[in-house]
Amino acid sequence: MATTVSDFVWQRLSEWGVERVYGYPGDGINGLIGALDRAQDKIHFIQARHEEMAAFMAGAHAKYTGEVGVCLATSGPGAIHLLNGLYDARLDHMPVLAIVGQQARAALGGHYQQEVDLLSLFKDVAGAFVQQASVPEQVRHLIDRAMRTAMAERRIACIILPNDLQELDAVPVPPHQHGTIHSGVGYEKPLILPAQSQLQRAAEVLNAGGKVAMLVGAGALEATDEVISVADRLGAGVAKALLGKAAVPDDLPWVTGSIGLLGTKPSWDMMMECDTLLMVGSGFPYSEFLPKEGQARGVQIDLKGDMLSLRYPMEVNLQGDSRATLEALLPLLKQKTDLSWRQKIEKNVAEWWKTLEARAMHAAEPLNPQRVFWDLSPRLPDRCIIAGDSGSHTNWYARDVKIRRGMKATLSGGLATMGSGVPYAIGAKFAYPDRPVLAICGDGAMQMNGMAELITVAKYWKEWADPRLVVLVLNNRDLNQVTWEQRVMGGDPKFLGSQSLPDVPYHKFAELIGLKGIFVDNPDDVAGAWEAAFAADRPVVLEAFTDPNVPPLPPHITLKQARAFASSMFGEPELGGVLRNTAREVLASVLPGSLGKGG
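Conventions and cut-offs
- Residue positions are given per chain, counting from 1 as you read along its sequence in written order.
- Per-residue local features are limited, in this predicted model, to residues with pLDDT of at least 70; the limit for side-chain atom pairs, both in listing and counting, is 80 or more; totals at the level of whole chains, interfaces and linings are taken over all residues.
- The side-chain numbers reported here are obtained from all heavy atoms of the structure, hydrogens and water having been left aside.
- UniProt positions are given in the numbering used here, feature names are shortened, and annotations may be inferred rather than shown by experiment.
- We count a stretch as a helix when DSSP gives it H or I for four or more residues in a row; a strand needs E for two or more, and each element gets its number in order from the N terminus.
- Working rule for contacts: check all heavy atoms of both residues, and any pair within 4.5 Å makes them a contact.
- Here the aromatic set is Phe, Tyr and Trp, taking the six-membered ring for Trp, and pairing holds for ring centres within 6.5 Å; pairs whose planes are under 30 degrees apart are stacked, those over 60 apart are edge-to-face, and all others are tilted.
- Exposed residues in this analysis have more than 50% of their type's maximum accessible area, buried residues have under 20%, and partly exposed residues fall in between, with area computed by a 1.4 Å probe over protein chains only.
- For a helix, the expected span equals 1.5 Å multiplied by the number of residues minus one.
- At least two bridges found by DSSP between two strands are what make those strands a pair.
- A fitted line through C-alpha atoms represents every axis, and for helices the fit uses only the stretch in contact; the resulting angles, taken between N-to-C directions, go from 0 to 180 degrees.
- Should a side-chain nitrogen of Lys or Arg be within 4 Å of a carboxyl oxygen of Asp or Glu, the pair is scored as a salt bridge.
- For classification, angles of less than 35 degrees are called roughly parallel, those exceeding 145 degrees roughly antiparallel, those between 65 and 115 degrees roughly perpendicular, and all remaining angles oblique.
- Note on convention: near helix rotated counterclockwise from far helix by under a right angle means a left-handed crossing. Clockwise means right-handed.
- We call Asp, Glu, Lys and Arg charged. Ala, Val, Leu, Ile, Met, Phe, Trp, Tyr, Cys and Pro are nonpolar, and the rest, Gly among them, are polar.
- Per residue, pLDDT captures the predictor's confidence, and it can take any value from 0 to 100.
- Any two cysteine sulfur atoms within 2.5 Å of one another count as a disulfide.

Labelled according to an unreviewed UniProt entry, the protein appears under the name Thiamine pyrophosphate-requiring protein, originating from Roseomonas marmotae. Of the comments in the UniProt record for the protein, the one headed Sequence similarities (unreviewed entry) reads "Belongs to the TPP enzyme family."

Now the structure itself:
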């Protein structure tokens, strides 16, 4: 039976199915931390190295499981630290509950130490529900409504608990009188389906199309079979937004892969030539990679009405669950008999994989980053969970890594923040301790916070049924994505003062804290390095010492980009490497396989 408000908080969250909370202690939450100690049989407290990382872990839990992730921070600075991780979840429509401390109620408004207006601070990121408790009687319905709101709206909720309130006697059942609220536990997700007449209109549009393209995102992750069935019925190709990379496997010959600047040429060609677009569960933001307005008729399926017809003017907008809506739509679709469009897509995809292999085999100084990812795909363990970060490595992950059925994969989509890879992997590992996990990171993200969170890995890994957690670090001594953006978008050469990073031996740091370290800088050793990493008896940091001047070529180069790149070469401090590697990449797009290892 709960004795204090803090005890009641964890008891109630346990009743909601919460099994762990990610956070960092502080005197603003002493009561909650003490109660967590008493509630260890119900809720596991995971100590991150920083509150932002705790929020990333909670968001990762939500992304990988569909459940509410919970994070905990103290008042003032601890609460402020949560924000970036919470915005990451917010922009990707993930349900997360943040519990934060506050100074004593009697001190509020008195410019007290660590007193921050937390209601205002969290109002944007947790706009769906942010409330501060004043009395014990209020806590029950705040928890119930916060959890239900996070689940129903897939948004961030925040509860603020003053430190003196945390120590008061709990009131599990408020008095039955005017002015009190009597809430309950539980939420059942509804099945949202469009009306039959709407489905029929959508089917008419899709049946009339001769060149149907599909774009799927995170909302289609649980609709793999339905996406495949509809694509087969329509003779369509399927492109994937980054958050939907695991929605359909890459071994299907008509899956064109990622779309956008990080995307593939088959996805670009398909979108530029289609006459009909079916968009499922995606908020992909870059309209220049979708059909030109008026080129294609459009149908969109999304659970959230405010995301419909937002990226492309759709003819039919279907608000509903992706899986159920596709299932209901399928009987209304006619089987395409002319498969010339599908065959063209398959031909483009097959040629593209050859192009990627040719690019991966190019020589570089000392190691081509694409080779690291090309050799990864066949060595990914079954049921592997991938946690991506943000950086130039995201290009190679998006294009080269082949996702198979049963895998999970995600990254920071809407916010595209650096530093999410390792905490995402930790969140995945606690949610699925029996599955292998891979984090894909750049050296910038590792220096920002990834190295610190390796300490968290070292603290907890022996609790996991399967110890395999591999952290890939692309050590290119460069903030590489921004460097290439400066060259191609800004027309500026690499600015060494902002872009060059210290060369850190990440694999040795791993060994220093009891993990396994592997270093590779020879292309012939990459495959063996991956095999050793996934066979290890403990978490591994695989450091790949790669060339920063291999260009992440977009699927389509505009005249503006070409001019900017040419302009940036005047004053470019690494001119020779940039020009050599760019020539190799461009030629491989024209003559796949022509340059070999030494080209």
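Just to check I follow, could you spell out the side chain of Thr546 for this structure?
When you line up the elements, Thr546 lands in the loop between strand S18 (540-545) and helix H22 (559-568). Apart from residues no more than four positions distant in its own chain, Thr546 is found in contact with Glu365, Pro366, Leu367, Pro369, Val372, Leu474, Asn475, Asn476 and Arg477.

What am I meant to see in the packing of aromatic side chains here?
The way to describe two aromatic rings as a pair is by their centre distance and the angle between their planes. Applying the stated criterion to the full structure yields 9 aromatic pairs. On the basis of an interplanar angle of 85 degrees and a centroid distance of 5.7 Å, the ring pair of Phe284 and Tyr286 is categorised as edge-to-face. Given the relative accessible area of 6%, Phe284 is considered buried. Note on Tyr286: relative accessible area 44%, which makes it partly exposed. The interplanar angle of 15 degrees and the centroid separation of 5.8 Å between the aromatic rings of Trp530 and Phe534 together place this pair among those described as stacked. Taken together, the residues span about one helical turn, with Trp530 and Phe534 both in helix H21 (residues 526-535) at a distance of 4 residues. One exposure class covers both Trp530 and Phe534, and it is buried.

Even after reading the chapter, I still don't get helix H7 (residues 136-153), so can you show me in this structure?
Counted at 1.5 Å a residue, the expected span for H7 with its 18 residues is 26 Å, and the 26 Å between its end C-alpha atoms agrees. Along H7, the residues that are buried comprise Pro136, Gln138, Val139, Arg140, His141, Leu142, Ile143, Asp144, Ala146, Met147, Thr149 and Ala150. Each element contacted by the buried residues of H7 is listed here: helix H1 (5-15), strand S4 (96-102), strand S5 (129-132), strand S6 (156-162) and helix H8 (163-166). Within two residues after H7, Arg154 carries a phi angle of roughly 50 degrees, on the positive side.

When you look at the sheet that holds strand S8 (residues 237-240) in this model, what are you seeing that I'm missing?
Each strand in a sheet pairs with its neighbour through backbone hydrogen bonds, running either in the same direction (parallel) or in the opposite one (antiparallel). Read across the sheet, 6 strands follow the order S9-S8-S7-S10-S11-S12 without closing on themselves; strand pairing throughout is parallel. Two strands close off the open sheet at either side, each with one partner strand: strand S9 (255-258) and strand S12 (316-319). The sheet shows a mean angle of 15 degrees between the axes of neighbouring strands, direction not considered. As paired elements, strand S11 (residues 297-302) and S12 share 4 bridges and run parallel to each other. Opposite Asp302, over in S12, you have Gln319 as the bridge partner. Packing against the sheet, helix H12 (residues 322-329) makes contact with strand S10 (276-280), S11 and S12, and its axis sits at approximately 130 degrees to S11. Sitting on the sheet, helix H13 (residues 340-360) is in contact with strand S7 (212-216), S8 and S9, with an inclination near 50 degrees to S9.

Just to check I follow, could you spell out the pattern of salt bridges for this structure?
Think of it this way: side chains of opposite charge can pair up when their charged atoms draw near. Tallied over the full model, the rule gives 25 salt bridges. Lys245 is paired through a salt bridge with Asp250; the nearest N and O atoms lie 3.9 Å apart. Each of the two residues, Lys245 as well as Asp250, counts as buried. Note that Asp375 is salt-bridged to Arg371, the shortest N-O span being 2.9 Å. Each member of the pair Asp375 and Arg371 is classed as buried. Through salt bridges with shared partners, one network takes in Arg12, Glu15 and Asp144.

Help me understand the UniProt feature "domain: Thiamine pyrophosphate enzyme TPP-binding" (unreviewed entry) in the protein in this model?
As annotated by UniProt and renumbered to match this structure, "domain: Thiamine pyrophosphate enzyme TPP-binding" (unreviewed entry) occupies residues 389-543. End-to-end, the C-alpha atoms of residues 389-543 are 15 Å apart, and along that stretch the chain is 45% helix and 16% strand.

Quick question: what am I supposed to make of the packing of H1 against H7 here?
If you want to describe how two helices pack, look at the angle between their axes and the distance between the axes. Interhelical geometry of H1 versus H7 gives an angle of 25 degrees and a closest axis separation of 10 Å. The orientation of H1 relative to H7 falls into the category roughly parallel. Taken as a pair, H1 and H7 cross one another with a handedness that is right-handed. From H1, Val5, Phe8, Val9, Arg12 and Leu13 reach across to H7, where they touch Pro136, Val139, Arg140, Ile143, Asp144 and Met147. Of the residues in the contact of H1 with H7, the class split is 8 nonpolar, no polar and 3 charged.

Would you mind going over the confidence of the model for the protein with me for this structure?
Note: predicted coordinates in regions of low pLDDT should not be interpreted at a detailed level. The share of residues in the protein with pLDDT of 70 or more is 97%, and the mean pLDDT across the chain is 95. Long-range and interchain partners of residues 592-599, a stretch whose pLDDT sits below 50, account for 18 contacts in this model, where long-range means more than four residues apart.

Mind showing me how you'd approach the environment of Gln177 here?
Relative to the helices and strands, Gln177 resides in the loop between H8 and helix H9 (196-208). Judged by relative accessible area, which is 51%, Gln177 ranks as exposed. Counting along the chain gives 100 residues from Gln177 to Pro77, while the straight-line C-alpha distance between them is 38 Å.

Quick question: what am I supposed to make of the UniProt feature "domain: Thiamine pyrophosphate enzyme central" (unreviewed entry) in the protein here?
Within this numbering scheme, the UniProt entry marks residues 199-329 as carrying the feature "domain: Thiamine pyrophosphate enzyme central" (unreviewed entry). Counting secondary structure, residues 199-329 comes out at 29% helix and 21% strand; the distance between its end C-alpha atoms is 6 Å.

Looking at this structure, how should I read unusual backbone geometry?
Among all residues save glycine, negative phi is the norm, and among peptide bonds the norm is trans. Along the chain, Glu365 connects to Pro366 via a cis peptide bond; the corresponding omega equals 0 degrees. If you trace the backbone, Pro366 turns up in the loop between H13 and helix H14 (369-374). One non-glycine residue with positive phi stands out, namely Ser309, at about 55 degrees. Turning to its location among the elements, Ser309 is positioned in the loop between S11 and S12. Phi is positive for Ala416, close to 50 degrees, though the residue is something other than glycine.

How do you make sense of the state of the cysteines when you look at a structure like this?
Chemically, a disulfide is nothing more than a covalent bond linking the sulfur atoms of two cysteines. Under the definition given, this model contains 0 disulfides. Between Cys158, a cysteine without a disulfide, and Cys71, which holds the nearest cysteine sulfur, the sulfur-to-sulfur distance is 8.4 Å. Of the residues examined, Cys158 reaches a relative accessible area of 0% and is grouped as buried.

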